[in-house]
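Next come the chains, spelled out residue by residue.
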Amino acid sequence: MFIKKSFVAVLALTFTGLSSAFALSSNSPIRSQLSTKECSFGKQGVKCLPVASINSSVESSTSLALSASGGDAAEAKSSSLMDTLQTGSYFALWYLFNIGYNIYNKKSLNALAFPWTIALIQMATGIAYFVPLWLLGIRKAPKLSFDDLKTLFPVALCHTGVHVGAVVALGAGAVSFAHIVKASEPVVTCALNAVFLGQVLPIPVYLTLLPIIGGVAIASMKELSFTYLALASAMLSNVSSAARGVLSKKTMTGKQIGENLDAQNLYAVLTAISTVCLIPMALAMEGTGFFTAFNEVVAGGEFTKKSLSILLALSGASYYAYNEVAFLALGKVNPVTHAVGNTVKRVVIIIASVIAFKTPMSTGSIIGSSVAIFGTLLYSLAMNASKKK
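Residues numbered from 1 in each chain as written. Predicted model: local features only at pLDDT ≥ 70, side-chain atom pairs only at ≥ 80, totals over all residues. Heavy atoms only, no water.

Focus: the overall build of the protein
Helices and strands together make up the secondary structure of the protein, namely 16 helices and 2 strands. Out of the 389 residues belonging to the protein, those deemed buried represent 54%. A fraction of 88% describes how many contacts in the protein between residues 6 or more apart in sequence connect residues 24 or more apart. For the protein, the accessible surface area stands at approximately 16,500 Å², while carbon and sulfur atoms represent 69% of it. (Helix = DSSP H or I, 4+ residues; strand = E, 2+ residues; numbered from the N terminus. Buried < 20%, exposed > 50% of the residue type's maximum accessible area, 1.4 Å probe, protein only. Contact = heavy atoms within 4.5 Å. Areas by Shrake-Rupley, 256 points an atom, 1.4 Å probe, with all protein chains shown as cover.)

Details of the pattern of salt bridges
For the structure on display, the rule yields 3 salt bridges. A salt bridge links Asp-147 to Lys-150; the nearest nitrogen and oxygen atoms lie 3.8 Å apart. In this pair, Asp-147 and Lys-150 both sit in helix H6 (residues 146-172), 3 residues apart, roughly one turn of the helix. Residue class for Asp-147 comes out partly exposed when judged on its relative accessible area of 49%. (Salt bridge = Lys/Arg side-chain N within 4 Å of Asp/Glu carboxyl O.)

A short note on the confidence of the model for the protein
Per-residue pLDDT for the protein averages 79, and the proportion of residues at 70 or more is 78%. A low-confidence stretch, residues 17-76 (pLDDT under 50), is modelled with 165 contacts involving residues beyond four sequence positions or located in other chains. (pLDDT = per-residue confidence, 0-100.)

Focus: the packing of helix H8 (residues 185-197) against helix H10 (residues 209-222)
Relative placement of two packed helices is described by the angle separating their axes and the distance separating the axes. At their nearest, the axes of H8 and H10 sit 9 Å apart, and the two run at 130° to each other. Put simply, H8 runs oblique to H10. Handedness of the H8/H10 crossing: left-handed. Between H8, through Pro-186, Val-187 and Cys-190, and H10, the contact on the second element is made entirely by Leu-209, Ile-212 and Ile-213. Its residues assigned to classes, the contact of H8 with H10 comprises 6 nonpolar, no polar and no charged. (Axes fitted to C-alpha atoms, helices over the stretch in contact; angles between N-to-C directions. Parallel < 35°, antiparallel > 145°, perpendicular 65-115°, else oblique. Left-handed = near helix turned anticlockwise from the far one by under 90°. Nonpolar A, V, L, I, M, F, W, Y, C, P; charged D, E, K, R; others polar.)

A look at H8
Taking 1.5 Å per residue, 13 residues should reach 18 Å; H8 reaches 17 Å between its end C-alpha atoms and fits that length. Gly-198 sits one or two residues past H8 and shows a positive phi near 65°. (Expected span 1.5 Å × (residues − 1).)

Considering unusual backbone geometry
One non-glycine residue with positive phi stands out, namely Asn-260, at about 60°. Position of Asn-260 among the secondary structure elements: in the loop between helix H11 (228-252) and helix H12 (263-286). According to the relative accessible area criterion, Asn-260 is buried, its value standing at 12%.

Observations concerning H11
For H11, which comprises 25 residues, the first-to-last C-alpha distance of 35 Å matches the rise-based estimate of 36 Å (1.5 Å per residue) to within 8%. Most of H11 sits inside the fold, with 22 of its 25 residues counted as buried.

What about the environment of Gly-126?
Relative to the elements of secondary structure, Gly-126 occurs in helix H5 (residues 115-135). Counting along the chain gives 193 residues from Gly-126 to Tyr-319, while the straight-line C-alpha distance between them is 8.2 Å.

Digging into the side chain of Thr-208
Within the element layout of this structure, Thr-208 appears in the loop between helix H9 (203-207) and H10. Look at Thr-208 and you get buried, because its relative accessible area is 10%. Leaving out residues up to four positions away in the same chain, Thr-208 has contacts with Gly-375, Leu-378, Tyr-379 and Ala-382.

Focus on the packing of aromatic side chains
Counted according to the given criterion, the structure contains 15 aromatic pairs. For the pair Phe-226 and Tyr-228, a centre-to-centre distance of 5.1 Å together with 80° between the ring planes defines the contact as edge-to-face. When the centroid spacing of 5.3 Å and the interplanar angle of 45° are considered together, the rings of Tyr-267 and Tyr-320 count as tilted. Linking Tyr-267 in helix H12 with Tyr-320 in helix H14 (residues 305-330), this pair joins segments that are 53 residues apart in sequence. With relative accessibility at 2%, the residue Tyr-267 sits in the buried group. Site record: aromatic cluster; members linked through ring pairs are Tyr-129, Phe-130, Trp-134, Tyr-267 and Tyr-320. (Phe/Tyr/Trp six-rings, centres within 6.5 Å; stacked < 30°, edge-to-face > 60°.)

A look at a nonpolar patch on the surface
Taken together, the side chains of Leu-135, Leu-136 and Ile-138 define a hydrophobic patch exposed on the protein surface, amounting to about 400 Å² of accessible area. Its location among the elements puts Leu-136 in the loop between H5 and H6. (Patch = residues over 30% accessible without salt bridge, like charges linked within 9 Å, V, L, I, M, F, W, Y side chains within 5 Å.)

Focus: the nonpolar core
The tendency in soluble globular proteins is for nonpolar side chains to be buried side by side. Of all hydrophobic cores here, the largest spans 52 residues; its most connected members are Trp-94, Leu-112 and Leu-308. Where this core is concerned, the elements lending two or more residues are helix H4 (81-111), H5, H6, helix H7 (175-182), H11, H12, helix H13 (289-299) and H14. Per-element accounting of this core gives the leading share, 11 residues, to H14. Apart from residues lying up to four places away in sequence, Leu-112 is in contact with Ile-118, Phe-290, Ala-293, Phe-294, Val-297, Leu-308 and Leu-312. In this structure, Leu-152, Val-246, Leu-261 and Leu-266 belong to the second largest nonpolar core, which totals 21 residues. (Core = buried A, V, L, I, M, F, W, Y, C linked by side-chain atoms within 4.5 Å.)

The following block contains the structure:
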């Protein structure tokens with residue numbers, strides 16, 4: 001029953017966000033500008049700039065930030081050793097925090113089988129980071145009108161679906177398997193962009209989807225820890241992420257949204273809205289059973305209240321930290337380096353999770369995951385090549 005409820009809830013969450021934004025009429029001026037404009041986020045707020053084509057790949061929270069940044073910093077040329085070291089440090093921290101999140105998250109889910117509540121805790125942890133920055137003036141606080149919040153709300157709903165789907169998937173199966181399925185997101189992205197934005201990509205881009213689909217299929221058939229809930233939740237996370245990218249283009253293009261809404265503040269605002277959305281969802285899905293289970297785990301002697309609380313806090317802190325550092329890392333490199341970095345990141349996470357949790361992988365699963373991940377790299381490179389034409 002819980003599996004069915006989780007699947008239906010994440011599905012409903014994703015398509016609620018989609019339906020909210022796709023209420024825009026087909027002849028809307030926002031819709032008509034999609035083929036020639038893309039949104040970028042500066043210190044003064046969201047602005048849309050003319051571009052040759054729209055990048056269809058918004059793979060994760062990280063990719064949303066990169067897309068939002070407009071790629072201005074990515075084009076900057078710097079030969080200084082300090083800049084190189086800084087970029088390398090950002091990438092190292094991005095990988096480190098990402099590995100940390102996947103490990104802390106899985107340990108939290110192993111101790112407490114309450115993925116919705118844990119997802120809520122992780123989202124809320126980010127608020128404890130960016131609100132003090134705003135209050136102390138370290139970072140300029142965004143200024144948003146009610147209309148701005150209405151524009152961002154559907155995007156935030158999809159953002160919520162991305163995280164909840166991933167957490168449910170990571171709790172229902174192996175970390176490695178969840179990331180293998182997540183590698184198939186470009187397939188969903190292409191489909192949604194074609195249906196809702198009318199975007200038709202070059203044939204070479206579509207051909208790169210074949211190894212992704214085939215690799216995920218092989219890995220799923222040979223996965224030793226396969227569960228339908230893990231597969232379905234990871235795919236729903238993919239749908240939510242792709243939908244978030246489509247909505248960002250559909251609802252933000254041609255609009256000036258707020259003040260001080262740079263990429264990092266955009267992510268902070270989406271986090272705050274998602275946290276508010278998750279409160280009633282977590283209560284509806286899991287009630288208050290989390291607190292009883294927490295005390296039972298402590299009574300069992302495996303954790304103390306302090307150690308279990310720290311584990312949950314670390315899962316939330318590392319979740320927000322890896323996204324925050326990713327903005328800095330990906331904003332300093334060109335699209336090709338970005339594609340390679342994302343691919344290597346997924347490989348590193350899979351290897352780290354296998355080592356940390358001693359999760360066995362069959363030969364078929366290893367082959368399938370390798371093919372799928374290589375396909376995502378080819379997809380990113382093909383997309384980048386098509387944008388230059």
